[in-house]
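Each chain, written out:
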Amino acid sequence: MDHNNLAELEQQLLAPSLDLIEDIKKIQGDILFLGIGGKMGPSMAKLAMRAIQAAGIDKKVIGVSRFSTKELQQELEDLGINTIACDLLNEEELKKIPQVPNVIYLAGHKFGTTGNEDFTWAMNTYLPGMVASHFQDSNIVAFSSGNVLPFVPISNGGVSEERTPEPVGEYAQSCLGRERIFEYFSKKNGTPTLIYRLNYAVDFRYGVLVEIAKSVKGQLPIDLTTENVNVIWQGDANEIALRSLLHCQSPAKILNVTGPEILSTRWIAERFAEHFNTRPIFVNEPAGTALLNNASECHRLFGYPKTTIREAIDITAKWLTQGGELWNKDTHFQERKGKF
């Protein structure tokens, strides 16, 4: 497989499903991505554009970000995505963003929270209030994190939406703050909202699988203290986010989003070892608890993710073997004290 094939593989993985194409026809009006510059925003907006084109309908896709690098802004514009450069925390700039019927809220701050807690809280709780006020007449899908949930015994089957959150550390606490602010404005203004509680999206460039694969390939020790994890392929997570625009409600609906399995870090590492013809190095004993998300409601609404865990492992191994580009954006899924 050469780099042309890698590009081809990426195009295949970005193709919208028939379910998404049908749902995009039902979503009334244009779609705005707030904070499009992060890990998922660009691929989600591209997926929306492809679904709109495949559906043969007329709908604008708009992306808002600081766009600190102009390359991304140009890349999105070239694909027909309208862009607005904006510092969302600047209230005057935020107020100039036009009203759009559908908003996907991706803005947030995680890494570098320790030592920068005030900015994290501003991004994760103050900004949602401003956004929810400005877009009170829109459908809002607001991204949150499984980090708001408690660590549970791995035999518990993960935590569903009925469980009261118990966030560990300031990042997770601020994520719960973000949820509560969107819930408050959803009730106050009748804004149809869905809180999209995700962990962990994986892609061939970043995520839990890439982190484990790099350790296996580089013969680095893999910490088994947190031996279990949930993941979902980013393409599936993107589809679910777009289709969630049809499930926004007031009071806000909370939706856990992840794959159906509780996976073993050890098992994943062993699969990568087969690809790389190495042996994984493990350290530490499992704690017996992990941050695990029961996404059965998500699967009821949207079906099981289309990309299976073995396909995701195979794709990731190919990408690494062929020297595909990687993003240095680790999930820190093994962090147990909430320090990011």
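Engineer: Just checking my understanding: could you explain the sheet that holds strand β1 (residues 31–34) for this structure?
Structural biologist: Spatially, β3-β2-β1-β4-β5-β7-β12 is the arrangement adopted by the seven strands of the open sheet, whose pairing is parallel. Two strands lie at the open edges of the sheet, namely β3 (82–85) and β12 (253–257), each paired on one side alone. This sheet shows a mean twist of 20 degrees between the axes of neighbouring strands, independent of strand direction. Pairing between strand β7 (residues 193–198) and β12: five bridges, direction parallel. Note on β12: the bridge partner recorded for Leu-194 is Lys-253.

Engineer: Looking at this structure, I do not really get the pairing of β7. What am I missing?
Structural biologist: By the criterion of burial, β7 is predominantly enclosed, with six of the six residues buried. Here β7 shows no split at all, with Thr-193, Ile-195 and Arg-197 on one side and Leu-194, Tyr-196 and Leu-198 on the other all buried. The pairing of strand β5 (residues 139–145) with β7 spans six bridges and is parallel. Considered in β7, the bridge of Ile-140 is made with Thr-193.

Engineer: Would you mind showing me how to read the packing of helix α8 (residues 208–217) against helix α10 (residues 265–276) here?
Structural biologist: Each packed pair of helices is defined by two parameters, the angle between the axes and the distance between the axes. One way to put it is that α8 packs onto α10 with a least axis distance of 9 Å and a crossing angle of 55 degrees. Judged by the angle between their axes, α8 and α10 are oblique. By crossing handedness, the relation of α8 to α10 is classed as right-handed. Residues Leu-209, Ile-212, Ala-213, Val-216 and Lys-217 of α8 form the contact with α10, whose participating residues are Thr-265, Ile-268, Ala-269, Phe-272, Ala-273 and Phe-276. Partitioned by chemical class, the residues of the contact of α8 with α10 number nine nonpolar, one polar and one charged.

Engineer: Explanation requested: the packing of α10 against helix α12 (residues 309–321) in the structure shown.
Structural biologist: Packing of α10 against α12 leaves a shortest axis separation of 10 Å and a crossing angle of 45 degrees. Here α12 runs oblique to α10, going by the angle between their axes. Viewed along their axes, α10 and α12 form a crossing whose handedness is right-handed. Counting all contacts with α10, which are made through Trp-267, Ile-268, Arg-271, Phe-272, His-275 and Phe-276, the residues of α12 involved are Ile-309, Arg-310, Ile-313, Asp-314, Thr-316, Ala-317, Leu-320 and Thr-321. Here the residues of the contact of α10 with α12 are counted per class, giving eight nonpolar, three polar and three charged.

Engineer: Can you help me understand empty space enclosed by the protein in this one?
Structural biologist: Gaps left between atoms are located by rolling a probe of water-molecule size over the structure's atoms. Considering all chains together, one arrives at four cavities of 30 Å³ or more under this definition. As a volume, the second largest cavity reaches approximately 60 Å³. A per-element tally of the lining of the second largest cavity places helix α9 (residues 234–243) first, with four residues.

Engineer: Sorry if this is basic, but what is going on with unusual backbone geometry here?
Structural biologist: Glycine aside, residues mostly have negative phi, and peptide bonds are mostly found in the trans state. Asn-199 connects to Tyr-200 through a cis peptide bond whose omega is -20 degrees. Here Tyr-200 shows up in the loop between β7 and β8 (201–202). A cis amide bond links Ser-250 to the next residue, Pro-251, at an omega of -5 degrees. In this fold, Pro-251 is placed in the loop between α9 and β12. A positive phi angle is found at Phe-67, which is not glycine, with a value near 50 degrees. Its identity is not glycine, yet Gln-219 carries a phi of approximately 55 degrees, on the positive side.

What counts and what doesn't
- Residues numbered from 1 in each chain as written.
- Predicted model: local features only at pLDDT ≥ 70, side-chain atom pairs only at ≥ 80, totals over all residues.
- Heavy atoms only, no water.
- Pairing = 2+ DSSP bridges.
- Helix = DSSP H or I, 4+ residues; strand = E, 2+ residues; numbered from the N terminus.
- Axes fitted to C-alpha atoms, helices over the stretch in contact; angles between N-to-C directions.
- Buried < 20%, exposed > 50% of the residue type's maximum accessible area, 1.4 Å probe, protein only.
- Parallel < 35°, antiparallel > 145°, perpendicular 65-115°, else oblique.
- Left-handed = near helix turned anticlockwise from the far one by under 90°.
- Contact = heavy atoms within 4.5 Å.
- Nonpolar A, V, L, I, M, F, W, Y, C, P; charged D, E, K, R; others polar.
- 1 Å grid on protein atoms, 1.4 Å probe; cavity = no way out; pocket = protein on both sides within 12 Å on 5 of 7 lines; lining within 4 Å.
- Points joined across faces, edges and corners; volume = space filled by probe spheres on them.

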